[in-house]
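Architecture at a glance
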Amino acid sequence: MFIDYIRCHRPRRALPIAALCAMASASRAARLSHTKSMQNQFPPRVLPLLPPAWNASTHDAVSAFPSGRDFVLSRYDDQAGGARGMHGLGVILQYPALAKAFLTFNNHVATASTLSKRIRELLILRISWLRRSEYELIQHLVLGRNAGLSDAELARVQDGPDSPGWDPVDADLVRAVDELHADARIHDATWLRLSAHFSTDQLMDMVFAVGCYDVLAMVFKTLGVQLEPGVDPLDPAVRERMHARDSR
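An account of the accompanying structure is given in this report. (Residues numbered from 1 in each chain as written. Predicted model: local features only at pLDDT ≥ 70, side-chain atom pairs only at ≥ 80, totals over all residues. Heavy atoms only, no water.)

Re the pattern of salt bridges
Under the definition given, this model contains 13 salt bridges. Ionic pairing is found between D70 and R69, a salt bridge with its closest N-O pair at 2.8 Å. Classification of D70 as partly exposed rests on a relative accessible area of 39%. Each of the salt bridges in this network shares a partner with another, and the network as a whole consists of D162, D172, R175 and R193. (Salt bridge = Lys/Arg side-chain N within 4 Å of Asp/Glu carboxyl O. Buried < 20%, exposed > 50% of the residue type's maximum accessible area, 1.4 Å probe, protein only.)

Focus: the packing of aromatic side chains
A ring pair, where both rings are aromatic, is described by two values, the distance of the centres and the angle of the planes. Using the criterion set out here, one finds three aromatic pairs in the structure. A ring pair is formed by F102 and F105, whose centres lie 6.1 Å apart and whose planes are at 90°; its orientation type is edge-to-face. Of this pair, F102 and F105 are both found in helix α6 (residues 96-112), three residues apart, which corresponds to roughly one turn of the helix. What makes F102 buried here is its relative accessible area of 15%. We classify F105 as partly exposed; its relative accessible area is 29%. Measuring from ring centre to ring centre gives 4.9 Å for Y135 and F220, while their planes differ by 65°; the resulting arrangement is edge-to-face. Pair noted here: Y135 is in helix α8 (residues 134-146) and F220 is in helix α12 (residues 200-223), with a separation of 85 residues, a long-range link. Residue F220 is classed as buried on the basis of its relative accessible area, which comes to 10%. Every member of this aromatic cluster is reached through a ring pair, and the members are F102, F105 and F208. A cation sits over an aromatic face here: R156 above W166, 5.0 Å from the ring centre. (Phe/Tyr/Trp six-rings, centres within 6.5 Å; stacked < 30°, edge-to-face > 60°. Helix = DSSP H or I, 4+ residues; strand = E, 2+ residues; numbered from the N terminus. Lys NZ or Arg CZ within 6 Å of the ring centre and 35° of its normal.)

Some details on the side chain of S133
Mapped onto the elements of the fold, S133 is located in the loop between α7 (117-130) and α8. In this structure, S133 is in contact with Q41, S128, A217, F220, K221 and M242, ignoring residues within four places of it in sequence. (Contact = heavy atoms within 4.5 Å.)

Brief notes about the nonpolar core
The biggest cluster of nonpolar side chains holds 56 residues, and the ones touching the most others in it are L93, L103, L123, L173, F198 and M206. In this structure, L103 is in contact with A61, V62, A64, F65, L89 and L93, ignoring residues within four places of it in sequence. (Core = buried A, V, L, I, M, F, W, Y, C linked by side-chain atoms within 4.5 Å.)

With respect to the environment of M206
By secondary structure assignment, the location of M206 is in helix α12. Using a relative accessible area of 2% as the deciding quantity, one classes M206 as buried. It is 8.6 Å that separates the C-alpha atoms of M206 and V177, two residues lying 29 residues apart in sequence. Discounting residues that sit within four places of it in the chain, M206 has contacts with L115, L123, L173, L194 and F198.

See the structure below:
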């Protein structure tokens, strides 16, 4: 049938140069778009609700996390990678009632915790790594560096608590994340050592910080949250290591 169609139709005239250039440009754009989509861990299942689409219910929900709200409102149209976290927040805001409840909790972990920013980011980075949550890890590599973690410490997060070079307290913080991930409980020996350095409130904040970002890793992966414009994906070697069977 296809051959009959060819025989019954005269050959098309050559396209003008301008049309060929337009086709080439469109093809190039499609390839770039496909490449960008491949940099994300999973395809999107729920799209983010961005500020131009926020209504009164959305504003009420996101106001449970004022610093997150203000950051996104000031940067959501930044195409150079400045709007990190916007898509994660936007996906959660598709369900305003749930978002308001969760963001109230997340706001405590992020802004009212008794733990320092550096310790919080160390905990979050380790649970992100263990959960193989690329989106979460990418966001918090920047936040961790801003909180005072060195490049060597950021790299060491991949190796776990027994990696050479850790300060003993930092090693136990990373170990606590591993134990919570594996057994939903910080083991007695680790708890005892951490108790010598941290108050009961701080120890509780550790558990809740890990739990909060464990849940977010599930959300980001299950709902297919995509990287924001201009945000670089994981280095291919780091990504391969993260997803290796024996990744710790």
